[in-house]
Amino acid sequence: MCRYELNGPLAEELQCSVCLEVFTDPVSTPCGHNFCKSCLNQCWDNSQDCKCPLCKETFSKRPDLKINTALRQVAQLFQKKSSLSKSEKHVQQIIQDRIRKIQDIRHSAKLRKKTAEREKLHSIKRCPAELLEMMEEKQKTAEKQDEELIQELQQEITELKMRNTELDHLLHTEDYFQLLQIDPSLCSPPHTRNWPEISMNTDVSVETLRRALTQLQETLDQKLSKTVDVTLVPDTVHPNLTQSDDRKQMSHRGIKQKLPNNQERFDHYPGVLGKEGFLSGRFYFEVQLKGKSQWNLGVARESINRKGKIRVSPQDGFWVVALRSGNVYWACADPCVYLSLRVKPQKVGVFVFYEEGLVYFYDVESRSHIYSFTGQSFTEKLYHLLIIAPVNYK
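Since we're looking at a predicted model, the values are computed, not measured. (Residues numbered from 1 in each chain as written. Predicted model: local features only at pLDDT ≥ 70, side-chain atom pairs only at ≥ 80, totals over all residues. Heavy atoms only, no water.)

## Topic: the overall build of the protein chain
Defined as follows: Helix and strand assignments follow DSSP, with helices taken as H or I runs no shorter than four residues and strands as E runs no shorter than two, numbered in order from the N terminus. Relative accessibility under 20% of the residue-type maximum defines a buried residue, over 50% an exposed one, and the middle range a partly exposed one, all with a 1.4 Å probe and only protein chains included. Any two residues whose heavy atoms approach within 4.5 Å are treated as being in contact. Here, Shrake-Rupley sampling with a 1.4 Å probe gives the accessible areas, and only protein chains in the shown set may cover a residue.
Helix and strand counts for the protein chain stand at six helices and 16 strands. When each of the 394 residues of the protein chain is scored for burial, the buried share is 42%. Residue pairs at least 24 apart in sequence account for 65% of intrachain contacts in the protein chain once pairs closer than 6 positions are excluded. Just so you have it, the protein chain exposes about 22,600 Å², and 48% of that area is on carbon and sulfur atoms.

In structure tokens form, the structure reads like this:
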């Protein structure tokens, strides 16, 4: 396999003895030595005599220099071959780096999974079920991120191998005209992602999640001193619902009021939103649901559909738990999750961690966890939501 490098006998023959680089516009002196035209002119411009920089032969008259077109073409071909060879080696090195990165990701994922399984087995009797669920969710998220990184790396490797094949073909071609006409970008470093900056999160330990849950539980145990005092928004209230004078209580009268059908109002399901929306931080509110046989409670993003039949799910902007037929509880996830609750909640607390993507439902009286939406991505304002009726869900 032939490779061209800027060294060896050929390189010496094509090297200007003044600048020590491959010839650019080579010219020949009467004594038969070759130099770059600009290098030779510079030597003679800075000297009183016109002599050969190599053998020192002096010329009585400054020679009229003509570019040696054949030598120039040979020098250009050599430069192209040398650049292509360096580029090919660089591409091959990048390919090997990407292969090692994939191996590193898979090795890290394997260690993380083993660690998580070991800690889960050790802690399964001591940790609450919701903690283990959160750990499983975090593990799945990490695995998905790993797979996305590997797919992107494999795509980059495929593109680099195509470029390497093209470079290899050019290095072996005898079509010198094709070599002189190649795109200069082929000799430039390929555009690739700066993978070394990627950090792989291997921390899915029970201890980390336990600390998060403990912090949450301590806050709840302190009766959540930062409980939001929810005021309901009249413009969102369904006509069949009646508000108290302080706008903090809602009842279903079954009698439709004459209210403007504005854009914000629920017009099919008897629902209402809280007045204040949140774009960051943590907030908590409680709703007294004693005596209600059916309801949907949680938070909703600002852009939810409020007209006609509504499908309640995170995909549609709702993070809600629901009661059906007086004793059947569901978390309206994708798909919905049946909740087996030991005690029928009379007062439900909803705790939202905006940046963490967590919506936590809590039975205030029994001090027990109901359900958590984890790993969510919030991009809009979130509002308190109450719908006193069954709605469409999966």
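Read on, since the account is not over.
## Some thoughts on the nonpolar core
Formally: Residues belong to one nonpolar core when they are buried, are Ala, Val, Leu, Ile, Met, Phe, Trp, Tyr or Cys, and are joined through side-chain atoms within 4.5 Å.
By size, the foremost hydrophobic cluster in this structure holds 28 residues, and its most contacted members are Trp295, Leu297, Val350 and Val359. For this core, the secondary-structure elements that each account for two or more residues are β8 (282-288), β9 (295-301), β10 (318-324), β11 (328-331), β13 (347-353), β14 (358-363), β15 (368-373) and β16 (382-387). Discounting chain neighbours no more than four positions away, the residues touching Val359 are Val299, Trp319, Val350, Phe351, Val352, Tyr371, Ser372, Phe373 and Phe378. Counting residues in each nonpolar core, the second largest holds 18 residues, with Cys39, Leu40, Trp44 and Leu71 among its members.

## Quick look at the sheet that holds β10
Applicable threshold: Being paired, for any two strands, means DSSP has found at least two bridges between them. Throughout, an axis means a line fitted to C-alpha atoms (over the contacting stretch in the case of helices), and angles, computed between N-to-C directions, take values from 0 to 180 degrees.
Taken in spatial order, the six strands line up as β7-β16-β9-β10-β11-β12 in an open sheet, and their pairing is antiparallel. Where the open sheet ends on each side, the last strands, each with one partner, are β7 (271-273) and β12 (337-339). Taken pair by pair, the neighbouring strands of this sheet meet at an average axis angle of 20 degrees, ignoring direction. In the sheet, β9 pairs with β16 via six bridges, with the strands oriented antiparallel. Bridge pairing in β16 places Arg301 opposite Leu382.

## Remarks on unusual backbone geometry
In this chain, Asp334 is followed by Pro335 through a cis amide linkage whose omega measures 0 degrees. Among the structural elements, Pro335 can be located in the loop between β11 and β12. Phi is positive for Asp25, close to 50 degrees, though the residue is something other than glycine.

## Describing the pattern of salt bridges
Our working rule: A side-chain nitrogen of Lys or Arg and a carboxyl oxygen of Asp or Glu constitute a salt bridge if their distance falls within 4 Å.
Taken as a whole and assessed by the stated rule, the structure comprises nine salt bridges. A salt bridge links Arg72 to Asp25, with the nearest nitrogen and oxygen atoms 3.3 Å apart. Here the residue Arg72 occupies a position in helix α3 (residues 69-123), and Asp25 occupies one in the loop between α1 (8-13) and β1 (26-28), the gap between them amounting to 47 residues. On the basis of relative accessible area, Asp25 is assigned to the partly exposed category, the value being 30%. Residue Asp334 pairs with Arg311 through a salt bridge whose shortest N-O separation is 3.8 Å. Taken together, the residues span a long stretch of sequence, with Asp334 in the loop between β11 and β12 and Arg311 in the loop between β9 and β10 at a distance of 23 residues. Overall, Arg311 belongs to the partly exposed group, its relative accessible area being 24%. Overlapping salt bridges bring together Arg311, Asp316 and Asp334 as one network.

## Overview of the pairing of β14
The buried fraction of β14 is high, at six of six residues. Of the two faces of β14, the one carrying Leu358, Tyr360 and Tyr362 and the one carrying Val359, Phe361 and Asp363 are both buried. Here β13 pairs with β14 via six bridges, running antiparallel. If you follow Val348 over to β14, its bridge partner there is Asp363. In textbook terms, the turn of a hairpin is the stretch between consecutive antiparallel strands, and for β13 and β14 this stretch comprises four residues, one of which, Gly357, has a positive phi near 70 degrees. Where β14 meets β15, five bridges bridge the pair, whose relative direction is antiparallel. Looking at β15, one finds that Val359 is bridged to Phe373. In textbook terms, the turn of a hairpin is the stretch between consecutive antiparallel strands, and for β14 and β15 this stretch comprises four residues, one of which, Arg367, has a positive phi near 55 degrees.

## Topic: the confidence of the model for the protein chain
Put simply, the test is: A score from 0 to 100, pLDDT tells how confident the predictor is in each residue.
Averaged over every residue, the pLDDT of the protein chain is 76; the share at 70 or more is 68%. Of all the helices and strands in the protein chain, strand β6 (residues 250-252) carries the lowest mean pLDDT, 49, while strand β2 (residues 34-36) carries the highest, 94. Note on residues 223-228: pLDDT is under 50 here. Beyond four places in sequence and across chains, it has 13 contacts.

## Things to note about the sheet that holds β15
Spatially, β8-β13-β14-β15 is the arrangement adopted by the four strands of the open sheet, whose pairing is antiparallel. Both outer strands of the open sheet, β8 and β15, are each paired with one neighbouring strand and no more. Going from strand to strand, the sheet's axes swing by 20 degrees on average, the running direction of each strand aside.

## What about the environment of Leu170?
With respect to the helices and strands, Leu170 occurs in helix α4 (residues 129-172). The spatial distance from the C-alpha of Leu170 to the C-alpha of Lys81 is 8.2 Å, given a sequence separation of 89 residues.

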